[in-house]
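# Observations on the model geometry
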Amino acid sequence: MKKLAIQFIVFAGSFFLIWMGLAQLPWTKWLHAQNFSAKRQKAMSDVFIKAYGLKNRSISDESVKKIVDTIKRRICISNKIDTATIHIYIYQNPEINAYSLPGGNIMVNTALIAQCSNPEMLAGVIAHEIGHIESGHIKKRMVKEIALSVAMLFGGDNLGIIKTVLKELSSGKFDRTQETEADTKAVQYLMTAGINPLPMADFFDKLQHSHGDTPEILEWLSTHPNSKERAILIRKLSSRRPYPALLSDSSWHYLRKATTNPGF
Amino acid sequence: MEYLQTPVNNLASYNPREDEREKASNGYLMSVIAVMAGLPLPIINLLASVLFFLLNRKATYYVKWHCTQALLSQVTIFFMNSVAFGWTVKILTGNAPLTNTYLGYLFTIIIFNVTEIILNISAAISVRKGHHKEWWFWGALTNLLIKPGKR
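These numbers come from a predicted model, not from an experiment.

Another aspect to go through is the overall build of chain A. Looking only at helices and strands, chain A features 13 helices and four strands. Buried residues in chain A amount to 32% of all 264 residues. The long-range share in chain A, meaning contacts at least 24 apart out of those at least 6 apart in sequence, stands at 70%.

Further remarks concern the packing of helix 1 (residues 2–23) of chain A against helix 5 (residues 138–145) of chain B. For the pair helix 1 of chain A and helix 5 of chain B, interaxial distance at closest approach is 9 Å and the crossing angle is 145 degrees. Crossing handedness for the pair helix 1 of chain A and helix 5 of chain B: left-handed. Of the residues in helix 5 of chain B, those in contact with Lys3, Leu4 and Gln7 of chain A of helix 1 of chain A are Ala140, Leu141 and Leu144 of chain B.

Residue and element names in this part refer to chain A. Read from one edge of the open sheet, four strands run 1-2-4-3, paired in mixed fashion. The open sheet terminates on both sides in strands that have one partner only, identified here as strand 1 (57–58) and strand 3 (98–101). Two strands pair when backbone bridges link them, and strand 1 and strand 2 (residues 87–92) are joined in this way by two bridges, in the antiparallel orientation. Considered in strand 2, the bridge of Arg57 is made with Gln92.

Moving on to the nonpolar core. One broad rule of soluble globular proteins: the nonpolar side chains tend to lie buried together. All names here are of chain A. In terms of nonpolar packing, the biggest core is built from 48 residues, with Ile75, Ala123, Ile126 and Leu190 touching the most fellow members. The dominant element in this core, judged by the number of residues it contributes, is helix 6 (residues 119–134), at eight residues. The contact partners of Ile75, leaving out residues within four places of it in the chain, are Ala123, Ile126, Ala127, Ile130, Tyr189 and Ala193.

Turning next to the confidence of the model for chain B. All names here are of chain B. Residues of chain B with pLDDT of at least 70 account for 84%, and the chain-wide mean is 80. Helix 2 (residues 42–55) is the least confidently modelled element of chain B, averaging 73 in pLDDT, while helix 4 (residues 100–128) averages 91, the highest of any element. Taken together, the stretch residues 1–7 has pLDDT below 50 and engages in five contacts with residues farther than four places along the chain or on a different chain. For this predicted complex, the interface score ipTM comes out at 0.82, alongside a pTM of 0.58.

Before going further, it helps to spend a moment on the environment of Leu122 of chain A. Residue and element names in this part refer to chain A. Tracing the chain through its elements places Leu122 in helix 6. Taking the C-alpha atoms as reference points, Leu122 and Val68, 54 residues apart in sequence, are found 9.1 Å from one another. Setting aside chain neighbours within four positions, we find Leu122 in contact with Ile71, Ile113 and Cys116.

With that settled, the discussion passes to the packing of helix 3 (residues 61–92) of chain B against helix 5 of chain B. All names here are of chain B. Two elements in contact, helix 3 and helix 5, have axes whose closest approach is 9 Å; the angle formed by their N-to-C orientations is 125 degrees. The pairing of helix 3 with helix 5 is recorded here as oblique in orientation. Relative to helix 5, helix 3 is oriented so that their crossing is right-handed. Between helix 3, through Trp65, Thr68, Gln69, Leu72 and Ser73, and helix 5, the contact on the second element is made entirely by Trp138, Gly139, Leu141, Thr142 and Leu145. For the contact of helix 3 with helix 5, the per-class residue count stands at five nonpolar, five polar and no charged.

With that out of the way, let us pick up the environment of Pro242 of chain A. Residue and element names in this part refer to chain A. Here Pro242 is to be found in the loop between helix 12 (227–237) and helix 13 (249–260). Since 6 C-beta atoms lie within 10 Å of it, Pro242 is described here as exposed. Remark: the alpha-carbon pair of Pro242 and Gly194, spanning 48 residues in sequence, is separated by 9.0 Å.

All right, on to the environment of Asp202 of chain A then. Residues and elements named next belong to chain A. Tracing the sequence through the fold places Asp202 in helix 10 (residues 198–210). On the basis of neighbour count, Asp202 is assigned to the partly exposed category, with 19 C-beta atoms found within 10 Å. Sequence spacing of Asp202 and Arg235 is 33 residues, and the spatial spacing of their C-alpha atoms is 9.1 Å.

Rules used in this analysis
- Residues numbered from 1 in each chain as written.
- Chains lettered and ligands numbered in written order.
- Predicted model: local features only at pLDDT ≥ 70, side-chain atom pairs only at ≥ 80, totals over all residues.
- Helix = DSSP H or I, 4+ residues; strand = E, 2+ residues; numbered from the N terminus.
- Buried ≥ 20, exposed ≤ 12 C-beta atoms within 10 Å, placed from the backbone.
- Contact = placed C-beta atoms within 7 Å.
- Axes fitted to C-alpha atoms, helices over the stretch in contact; angles between N-to-C directions.
- Left-handed = near helix turned anticlockwise from the far one by under 90°.
- Pairing = 2+ DSSP bridges.
- Core = buried A, V, L, I, M, F, W, Y, C linked by C-beta atoms within 7 Å.
- pLDDT = per-residue confidence, 0-100.
- Parallel < 35°, antiparallel > 145°, perpendicular 65-115°, else oblique.
- Nonpolar A, V, L, I, M, F, W, Y, C, P; charged D, E, K, R; others polar.

The following block contains the structure:
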């Protein structure tokens with residue numbers, strides 16, 4: 001037994017010695033790999049956007065992009081988030097959904113904008129997705145999904161792996177803790193940006209109570225559980241004070257019209 | 001198939017039958033083939049070795065001993081490869097930076113994997129010839145786990 005213990009210590013010791021020895025060599029410099037992670041993420045992000053674009057038509061109206069960008073900039077700048085790291089895309093899609101993809105990309109479906117009664121509701125959804133990105137939830141899910149899909153990758157089904165990961169990411173299946181964290185961050189972001197966070201809670205109530213029987217809403221609610229509790233949390237965290245309007249009425253009506261009637 | 005056999009107490013001096021040599025040698029070959037097939041996914045080679053070990057759990061002491069030694073070496077490599085696998089996924093998804101420590105680890109496990117393959121091939125050949133091959137550390141561990149019996 002003593003002999004075995006000594007042999008184990010020598011074995012483990014030699015492993016660590018070789019490892020530490022090799023770690024001293026400047027591999028990253030030799031392999032020119034310093035920017036590997038950033039490049040890899042950018043490439044991955046482009047692949048996901050391209051794959052999503054194959055199924056959905058994006059809204060290319062420059063005025064719409066400008067209005068959405070105004071909301072994004074208001075949230076990001078006030079909260080010291082680099083605006084260049086967040087990209088919002090609007091897609092013509094009947095599913096009431098919005099979600100984040102790797103690379104700081106937020107996809108918002110037109111059906112979700114149609115459900116928003118005011119710009120603050122939309123800002124709440126965007127702030128929530130930024131909350132997921134800033135908390136690193138996307139990366140955590142990516143690790144899980146990619147690990148599960150590696151088998152497909154080695155089976156030669158590269159498109160399959162992208163589709164699977166995309167499907168999982170777009171399903172919005174974050175766990176309860178992550179949703180609460182993103183909601184909490186969203187309320188903080190909105191208040192710091194001087195945007196009323198209460199409409200975000202109203203958005204949850206609206207979906208739950210007014211249209212809870214339509215399949216599209218059920219889909220959204222099934223992937224975003226405990227909407228009632230989340231609305232209560234948002235109201236609890238929100239400070240009730242006067243907030244200035246986020247967008248002018250004309251901008252908001254233009255956004256709604258352009259997204260609900262593309263090509264109007 | 002049952003065999004009548006005298007108790008084996010010293011494998012080094014034991015002269016295995018032809019079928020025992022073949023089965024014991026296959027235990028190592030199974031590891032080599034599984035390592036080659038399962039390198040990207042560390043679980044595959046371990047599963048193959050576990051399966052082969054289970055299929056031979058009622059075999060003679062000689063066969064069982066060598067299957068166990070092959071399996072134990074696989075378990076060690078499995079843990080090393082699993083760490084590399086998890087670490088690589090984290091880097092690919094931007095959750096960890098690509099560092100010299102990671103690349104040093106990667107090259108270390110490559111050395112250990114290659115060494116293990118060479119050891120397995122060498123053991124498969126020796127065992128097929130009827131020579132007993134007891135590895136350093138894994139051999140001692142196998143002796144601790146597998147005791148000589150009547151089979």
